[in-house]
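# Descriptive analysis of the structure
One-letter residues, chain by chain:
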Amino acid sequence: QRPFNAKINTCRSVCQHLLCLSLFIVAIQYCINTIMMKMALTPIVTRPDVVDAFLPIAGGISLRAIVEQGYFDPHHPAAAVMLGVVLLTGLLCKRAFCGWACPLGLLGEYLYKLRTRFIHKEYRPPNWLDWPLRAIKYLLLFALLYIVMGMPTQGLVGYLQSPYNKIADIKMAMLFVAPGLITLTGFAIILMLAAWRKQGFCRYICPYGALLGLLSFLSPLKIRRDCSHCLIESKGMKCDKCTRACPAGIIVHTKTTVRSDECQACLRCVAACPSKAALGLRLKNGYQLNPQGLIALLLILLLALPLISYLFGFWDSQTPWQMREYLLHNIHRIGM
């Protein structure tokens, strides 16, 4: 490997861990805020609105309300912003959000590494089973889309103004704090898939990954191979390092352009390539985006757009903490 290529994996790892650390800090702030409300105390820290990124249904319904009725959800505006941001990353830089930012993807990598320390054998399903398993995440995606798109237009504002929506984030958090048997079973399946094979959760379960995979077909950036510099054509050598490095199992070394919904633009294939100019994340005209450029583009989308939303007053929740406290103490009475 050339030193230039070797830096790609380092850049990705640093980006993943820094974003994961920032979310961990956000989680601590959110827990302090919620626990103090539960104890009927005035919170010493504000609720971090970025947690609304974990409310894709509320975000989708909010986007519909904006488009169809011109109504802006005052309770979880950040949900619509973050959903729009993630979708935009898929359109502009493929599934780079999955490969460079997603904390669940990073957790899956650690679970896989932990499993392989004790069980070294690689367990991959045969192709006839892999395809049906990959369809699961699309079924989950269609189920979420049905919930969001199936709601009548006249019911959108009513849902967004409902007590349930006002504390939807706490309802979501309760799944982790006090999970039921079904939830625990789901978590167990997710953890086993993540440990079973590389990107197991991303490949088979994640509906976000399915949506970004579909959007990635529209992205102008693709992993493209320059045959004039590839060792296979230029030197007549047998080389498949890029394919072996791909965690999604995509056949890279025989393609000029990688078009796959599983490609996360992680650039591991580029890092593994012995020829610097042979492989890269490129536009159709040949312009190549280096790892630093990809990180910059991703961070601009993830940070700049929320900042703009904040400056224009469409980020902070307008739900008073006193109302959230009241609803929190009556959460078991609140349903959809």
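Please refer to the structure higher up on the page.
The text that follows walks through the structure, step by step, so that each part is easy to find. (Residues numbered from 1 in each chain as written. Predicted model: local features only at pLDDT ≥ 70, side-chain atom pairs only at ≥ 80, totals over all residues. Heavy atoms only, no water.)

### Comments concerning the packing of aromatic side chains
- If you walk through the whole model with that rule in mind, you get 4 aromatic pairs.
- Each ring, one from phenylalanine 176 and one from phenylalanine 187, has its centre 5.3 Å from the other, and the planes form 20°; the classification is stacked. Of this pair, phenylalanine 176 sits in helix α9 (residues 168-177) while phenylalanine 187 sits in helix α10 (residues 181-196), and the two are 11 residues apart along the sequence.
- You can call phenylalanine 176 exposed: its relative accessible area is 56%.
- Look at tryptophan 196 and tyrosine 204: their rings are 5.9 Å apart centre to centre, the planes differ by 25°, and that puts the pair in the stacked class. (Phe/Tyr/Trp six-rings, centres within 6.5 Å; stacked < 30°, edge-to-face > 60°. Helix = DSSP H or I, 4+ residues; strand = E, 2+ residues; numbered from the N terminus. Buried < 20%, exposed > 50% of the residue type's maximum accessible area, 1.4 Å probe, protein only.)

### Quick word on the nonpolar core
- Ranked by internal contacts, the top residues of the largest apolar core, which has 46 residues, are Trp100, Ile223, Leu267, Leu279, Leu281 and Leu294.
- Those elements that place two or more of their residues in this core are α1 (3-38), α3 (77-93), α4 (96-100), α12 (207-216), α15 (268-272), β2 (279-282) and α16 (291-311).
- Top element by residues in this core is α3. It accounts for 7 residues.
- Core analysis: the second largest hydrophobic core is formed by 20 residues, Ile61, Val148, Leu156 and Val157 among them. (Core = buried A, V, L, I, M, F, W, Y, C linked by side-chain atoms within 4.5 Å.)

### Here's the deal with the pairing of β2
- Side chains of β2 alternate between two faces, with Leu279 and Leu281 and Gly280 and Arg282 buried alike.
- Judged from the 4 bridges that link them, strand β1 (residues 222-225) and β2 form a sheet pairing that is antiparallel. Bridge assignment links arginine 224 to a residue of β2, and that residue is glycine 280. (Pairing = 2+ DSSP bridges.)

### Quick word on unusual backbone geometry
- Phi is positive for alanine 40, close to 60°, though the residue is something other than glycine.
- With respect to the helices, strands and loops of the structure, alanine 40 is situated in the loop between α1 and α2 (56-69).
- Of note in this structure, leucine 267 is not a glycine but carries a positive phi near 65°.
- Structurally, the position occupied by leucine 267 is in the loop between α14 (241-245) and α15.

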